[in-house]
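# Examination of the molecular architecture
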Amino acid sequence: MPLPSPFARLAASLSRPSGLHRAVQYGFVCFFIYVGMRFYLYVQWAMGASSLYVEKPASVEAFLPISALLGAKRLLFTGQYDPVHPAGLTIFLLAVATALLLRKGFCGYLCPIGCISMLLERLGRRLGISRRPGKVLSFPLSVPKYLLLAFFAYLVLWNMNTADIEAFIRTPYNHVADSKMLLFFLHPSTVLLVILGVLFLGGMLIPSFWCRGFCPYGALLGLFSWLSPVAVRREESLCTGCRRCSKACPQRIPVHEKRRVTGPECLGCTECVGACPEKGCLQVRLGYTKKAAPLPFWSIAAGTLLLMYLFFCGAVVTGHWESRTPPELARMYHRSILQLEHP
């Protein structure tokens, strides 16, 4: 019997929730590696280390959530879009819209940190050191990210008025914030290396250690996701209590105990649906009641990608994707601020 072709194997993989989930995740990790390489070349040019001009990839602003939160408040109160990091604000609005409509699809499919967390958890399982936190530990492990979220919310939403935000947005420091972040990781201090070591080890010991315990972005999206009309629903009459769904969940949610998986940790990855051996027991459904309409398992992934495409196209058409800062002005800011710190 002939072996299946690579395309047939790919199609078979994408027909399963776990295969689709990982394919999208790996695709975005590869995309951000490309973005990172382009951004490094841009920073080299901006700091005068290279004469080759490479346009700054706007997608790198996804890693500026605090700047995006500032831009969101400014947009809400003034109606004006962030002219310095418009892509960061667009991606932030996309993440919120995804959470409101499709659970934490942004975290589950688009965020590269989520994919790294998944790979660390798989490595921990292979090494035999990964442990699922019980009910007693689950809550305290999630507290730090909500404290961080509260701190940033107080700092930005409560403590800074629109005049303060406007003044900060126009500062040279804000223009080079993404480049400063890159250099921060390219030239790590001992403290940073220790923190990264703890996070990597924690990721192997506890599934989604960073996402579960320390990501304020994920905490915010998790709160919004409570309102999502889309969720995995369990039909109790068909459930045999095998717990395969809970074992398959990357976040280790006890799916077998839920009627509707609505917690703030749910990524909408639907791996629990693929693991369930009972047909119709676990389904993605649209609605809040028992009569909620069934959806195909790929609906959250497809909806997330569709929203991303629509937000991107909308931002490009309206001029809210590329920064309005002229390249030579950006280069002057880099040389006056970062070149002194990293000669």
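Presented here is an overview of the structure given in this document.

Here is what the cut-offs are and how they apply
Residues numbered from 1 in each chain as written. Predicted model: local features only at pLDDT ≥ 70, side-chain atom pairs only at ≥ 80, totals over all residues. Heavy atoms only, no water. Phe/Tyr/Trp six-rings, centres within 6.5 Å; stacked < 30°, edge-to-face > 60°. Buried < 20%, exposed > 50% of the residue type's maximum accessible area, 1.4 Å probe, protein only. Helix = DSSP H or I, 4+ residues; strand = E, 2+ residues; numbered from the N terminus. Contact = heavy atoms within 4.5 Å. Polar contact = N/O pair within 3.5 Å; in protein donor to acceptor, adjacent residues only side chain to side chain. Patch = residues over 30% accessible without salt bridge, like charges linked within 9 Å, V, L, I, M, F, W, Y side chains within 5 Å. Areas by Shrake-Rupley, 256 points an atom, 1.4 Å probe, with all protein chains shown as cover. Salt bridge = Lys/Arg side-chain N within 4 Å of Asp/Glu carboxyl O. Lys, Arg positive; Asp, Glu negative; His and termini not counted. Charge placed at Lys NZ, Arg CZ, Asp CG, Glu CD. 1 Å grid on protein atoms, 1.4 Å probe; cavity = no way out; pocket = protein on both sides within 12 Å on 5 of 7 lines; lining within 4 Å. Points joined across faces, edges and corners; volume = space filled by probe spheres on them. Nonpolar A, V, L, I, M, F, W, Y, C, P; charged D, E, K, R; others polar. Expected span 1.5 Å × (residues − 1).

This part takes up the packing of aromatic side chains. Two descriptors summarise a pair of aromatic rings, namely the distance from one centre to the other and the angle between the planes of the rings. The full count for this structure, using the stated rule, is 13 aromatic pairs. Linked through ring pairs, Phe28, Phe31, Phe32 and Phe63 together constitute an aromatic cluster.

The next subject is helix α13 (residues 216–225). An α-helical segment advances 3.6 residues per turn. Residues three or four places apart therefore align on the same side. Of all 10 residues in α13, 8 are buried, a share of seventy percent or more. Buried residues in α13 make contact with α3 (65–78), α4 (86–102), α5 (105–110) and α7 (135–158).

As a further point, take the side chain of Thr325. Along the chain, Thr325 turns up in the loop between α16 (299–318) and α17 (327–341). Since its relative accessible area comes to 17%, Thr325 is described here as buried. Looking at Thr325, its side chain comes within polar contact range of the side chain of His175, at 3.4 Å. In contact with Thr325, other than residues within four places in its own chain, are Val84, His175 and Ala330.

As a further point, take a nonpolar patch on the surface. Residues Phe151, Tyr154, Leu155 and Trp158 make up a contiguous nonpolar surface patch of about 490 Å² in total accessible area. Tyr154 gets classed as partly exposed once you look at its relative accessible area, which sits at 46%.

A surface patch of like charges, here positive, comprises Arg132, Arg243, Arg244 and Lys247. Note that Arg132 resides in the loop between α6 (112–127) and α7.

Moving on: the layout of surface pockets. When its volume is computed, the second largest pocket comes out at roughly 570 Å³. When residues of the lining of the second largest pocket are traced back to their parent elements, those giving at least two are α7 and β2 (260–261). Broken down by element, the lining of the second largest pocket gets its largest block of residues, 5 residues, from α7. In terms of residue class, the lining of the second largest pocket is made up of 8 nonpolar, 7 polar and 10 charged.

Under the defined criterion, the tally for this structure stands at 3 cavities of 30 Å³ or more. Space inside the largest cavity adds up to approximately 100 Å³. Looking at the largest cavity, it is lined by 15 residues, and the ones nearest its centre are Cys249, Cys266, Leu267, Cys269 and Cys272. Its residues placed into classes, the lining of the largest cavity shows 10 nonpolar, 3 polar and 2 charged. Roughly 80 Å³ of internal volume is contained in the second largest cavity. Lining of the second largest cavity is provided by Arg234, Cys239, Thr240, Gly241, Cys242, Arg243, Cys245, Cys276, Pro277, Glu278, Cys281 and Leu282.

Here we take up helix α11 (residues 190–205). Between its first and last C-alpha atoms α11 spans 23 Å; for 16 residues at 1.5 Å apiece the expected length is 22 Å, and the two agree. Looking at α11, one finds that the buried residues are Leu192, Gly202, Gly203 and Met204. Those residues of α11 that are buried lie in contact with α6, α10 (177–186) and α12 (209–213).

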